[in-house]
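The residues making up each chain are set out below.
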Amino acid sequence: MTKKYSVRIDKKWCKGCEICVVLCPVDILFIGDDRKVDVSDEDKCIGCLQCEYHCPDFAIFINPKEES
Ligand code: SF4
Ligand code: SF4
């Protein structure tokens, strides 16, 4: 079974810089109408952590989901 990850965004800190959008290898992050980042399909996240490592504002967090 493929491991799943939760993608949590702290909209209070996100400034919509798009760094994570550009870095995400599976292209699931986008800038929404509120000019903050959002996730389109969390189930496609591969947990590479590029977004979390490179976010200058510590606004995005990836956590493995419990296997069910
Ligand atoms: S890198 Fe951080 S601040 Fe920039 S859009 Fe992504 S979550 Fe928001
Ligand atoms: S951990 Fe990787 S695959 Fe998941 S949202 Fe962040 S950049 Fe995309």
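Scroll up to find the structure.
Anyway, here's the lowdown on the structure attached to this text. Computed from a predicted model, the values in this text were never measured in an experiment.

How each quantity is defined
Residues numbered from 1 in each chain as written. Chains lettered and ligands numbered in written order. Predicted model: local features only at pLDDT ≥ 70, side-chain atom pairs only at ≥ 80, totals over all residues. Near = placed C-beta within 6 Å. Helix = DSSP H or I, 4+ residues; strand = E, 2+ residues; numbered from the N terminus. Nonpolar A, V, L, I, M, F, W, Y, C, P; charged D, E, K, R; others polar. Core = buried A, V, L, I, M, F, W, Y, C linked by C-beta atoms within 7 Å. Buried ≥ 20, exposed ≤ 12 C-beta atoms within 10 Å, placed from the backbone. Contact = placed C-beta atoms within 7 Å.

Things to note about the site of ligand 2
Here's step 1: Neighbouring residues of ligand 2: 16 residues in total, closest Cys24, Cys45, Cys48, Gln50 and Cys51.
Here's step 2: Elements that contribute at least two residues to the shell around ligand 2 include exactly β1 (5-9) and α2 (50-54).
Here's step 3: The class makeup of the residues in the shell around ligand 2 is 14 nonpolar, two polar and no charged.

With respect to the nonpolar core
Here's step 1: Core analysis: the largest hydrophobic core is formed by twelve residues, namely Val7, Cys14, Cys20, Cys24, Leu29, Val37, Val39, Cys45, Cys51, Cys55, Ala59 and Ile60.
Here's step 2: Apart from the residues lying within four places of it in its own chain, the contact partners of Val39 are Val7, Ile9, Ile28 and Leu29.

With respect to the environment of Lys11
Here's step 1: Note on placement: Lys11 falls in the loop between β1 and α1 (19-23).
Here's step 2: Note: C-alpha distance between Lys11 and Asp41 (30 residues apart in sequence) is 18 Å.

Points about the site of ligand 1
Here's step 1: As a structural note, the neighbourhood of ligand 1 is formed by 13 residues, with Cys14, Cys17, Ile19, Cys20 and Cys55 the closest of them.
Here's step 2: Counted by class, the shell around ligand 1 contains nine nonpolar, one polar and three charged residues.

As for unusual backbone geometry
Here's step 1: If you check the backbone angles, Glu18 has positive phi at about 75° while not being a glycine.
Here's step 2: Here Glu18 is to be found in the loop between β1 and α1.
Here's step 3: Using a count of 12 C-beta atoms within 10 Å as the deciding quantity, one classes Glu18 as exposed.
Here's step 4: Phi at Leu49 is positive, roughly 70°, even though this residue is not glycine.
Here's step 5: Tracing the sequence through the fold places Leu49 in the loop between β3 (37-39) and α2.

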